[in-house]
Amino acid sequence: MKNYQTISNRKVVFYGRVSTEHEAQTYALSNQMQWYEELKKSYPNWIIIERYVDDGITGTQAKKRPEFMRMIDDAKLGKFDLIVTREVSRFARNTIDCLEVTRQLKNYGVEVFFVQEGIWTMENEGEIILTIRAMVAQEESRKMSERIKAGQAISRKNGVLYGNGNLLGYDRVGDTYVINEDQAETVRMIFNMYEFGFGI
């Protein structure tokens, strides 16, 4: 195995992501970036080019993450040769996306280093290990989605309001919702447009 700490200089970018805009998650993103800066101290040959951060965005589909897609575009332009990301689940929770993107990057001459799993995608066994890890991350995402949906269904069944009340067209007052007339006009317009066949 090559010594990644002493080989020639590498143009490096960091990729970080949190899946919600909740305050604790946003704080976690700040911690992620600090963690990358600490990691760099172990790799004196790294020249940091850019930091890409998707804040409050799901990891299940790469195309829905603007910073991720910008990073891929920059990779195609040859702006860097190494992407460092903390773990597979930060990079992608869809196995197909994960493998397709890492193969695409390899064609551009860009390696991905998944730090927690110790995976370097240019190594021979890298893709095999990555496939297994990505499948695990995807299954975890599926189970989490099922738990959330089950919790919502139970809340509805028990007449309990779900969430913090941030619902367009309504204000949460105590244990119920009341119509917010200013916002309701927008909701009615959306409904009417949908009735006339407009899409998203």
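Just above sits the structure.
Just so it is clear, the model here is predicted, and its values are computed rather than measured. (Residues numbered from 1 in each chain as written. Predicted model: local features only at pLDDT ≥ 70, side-chain atom pairs only at ≥ 80, totals over all residues. Heavy atoms only, no water.)

Colleague: How should I be thinking about the sheet that holds strand 2 (residues 46-55) in this particular structure?
Modeller: As a general point, the strands of a sheet are linked pairwise by backbone hydrogen bonds and lie either parallel or antiparallel. Taken in spatial order, the five strands of this open sheet run 2-1-3-4-5, and their pairing is mixed. At either margin of the open sheet sits one strand with a lone partner, and together these are strand 2 and strand 5 (119-120). Taken together, the four bridges between strand 1 (residues 10-18) and strand 3 (residues 82-85) define a ladder with parallel strand orientation. Paired with Val13 across the strands is Ile83, a residue of strand 3. Strands strand 1, strand 2 and strand 3 of the sheet are contacted by helix 2 (residues 66-76), whose axis makes an angle of about 150 degrees with strand 2. (Pairing = 2+ DSSP bridges. Helix = DSSP H or I, 4+ residues; strand = E, 2+ residues; numbered from the N terminus. Contact = heavy atoms within 4.5 Å. Axes fitted to C-alpha atoms, helices over the stretch in contact; angles between N-to-C directions.)

Colleague: Is there a simple way to explain the pattern of salt bridges in this structure?
Modeller: Where side chains of opposite charge bring their charged atoms close, a pairing between them can arise. Using the criterion set out here, one finds 10 salt bridges in the structure. Arg10 is the partner of Glu111 in a salt bridge, and the nearest nitrogen-oxygen pair spans 2.9 Å. Taken together, the residues span a long stretch of sequence, with Glu111 in strand 4 (residues 111-114) and Arg10 in strand 1 at a distance of 101 residues. Overall, the relative accessible area of 1% leaves Glu111 in the buried class. With relative accessibility at 11%, the residue Arg10 sits in the buried group. (Salt bridge = Lys/Arg side-chain N within 4 Å of Asp/Glu carboxyl O. Buried < 20%, exposed > 50% of the residue type's maximum accessible area, 1.4 Å probe, protein only.)

Colleague: Just checking my understanding: could you explain the nonpolar core for this structure?
Modeller: Side chains of a nonpolar character, in soluble globular proteins, are inclined to be buried together. Formed by 21 residues in total, the largest nonpolar core has its most connected members in Met71, Phe80, Ile83, Phe91 and Leu105. For this core, the elements supplying multiple residues, two or more each, are strand 1, helix 2, helix 3 (88-91), helix 4 (95-107) and strand 4. In contact with Leu105, other than residues within four places in its own chain, are Ile72, Ala75, Ile83, Phe91, Val110 and Val112. The next biggest cluster of nonpolar side chains, apart from the first, holds 12 residues, and it includes Tyr36, Leu39, Val84 and Trp120. (Core = buried A, V, L, I, M, F, W, Y, C linked by side-chain atoms within 4.5 Å.)

Colleague: I tried to follow helix 2 on my own but got confused; where do I start?
Modeller: Side chains three or four residues apart in an α-helix point the same way, a direct result of the helix having 3.6 residues per turn. Those residues of helix 2 not exposed but buried are Phe68, Met71, Ile72, Asp74 and Ala75. Buried residues of helix 2, seen end-on, are gathered within an arc of 165 degrees and therefore sit on one face of the element. Within helix 2, the exposed residues directed more than 90 degrees away from the buried face are Pro66 and Lys76. Remark: Gly78 follows helix 2 within two positions and exhibits a positive phi of approximately 80 degrees. (Arc of directions from axis to C-beta.)

Colleague: What am I meant to see in the pairing of strand 1 here?
Modeller: One face of the sheet, then the other: side chains in a regular strand alternate in exactly this way. For strand 1, a buried count of eight out of nine residues is recorded, marking the element as mostly surrounded by other parts of the structure. The sheet contact formed by strand 1 and strand 2 spans nine bridges and is parallel. Within strand 2, the position partnered with Phe14 by the bridge is Arg51.

Colleague: What's the story with the packing of aromatic side chains in this structure? I'm lost.
Modeller: Centre-to-centre distance and the angle between the planes together describe a pair of aromatic rings. Summed over all chains, the structure comprises 14 aromatic pairs. An angle of 70 degrees between the planes, with centres 5.5 Å apart, marks the rings of Trp35 and Tyr36 as edge-to-face. The partly exposed category is assigned to Trp35, whose relative accessible area is 23%. Members of the aromatic cluster, connected to one another through ring pairs, are Phe14, Trp35, Tyr36, Tyr43, Trp46, Phe113 and Trp120. (Phe/Tyr/Trp six-rings, centres within 6.5 Å; stacked < 30°, edge-to-face > 60°.)

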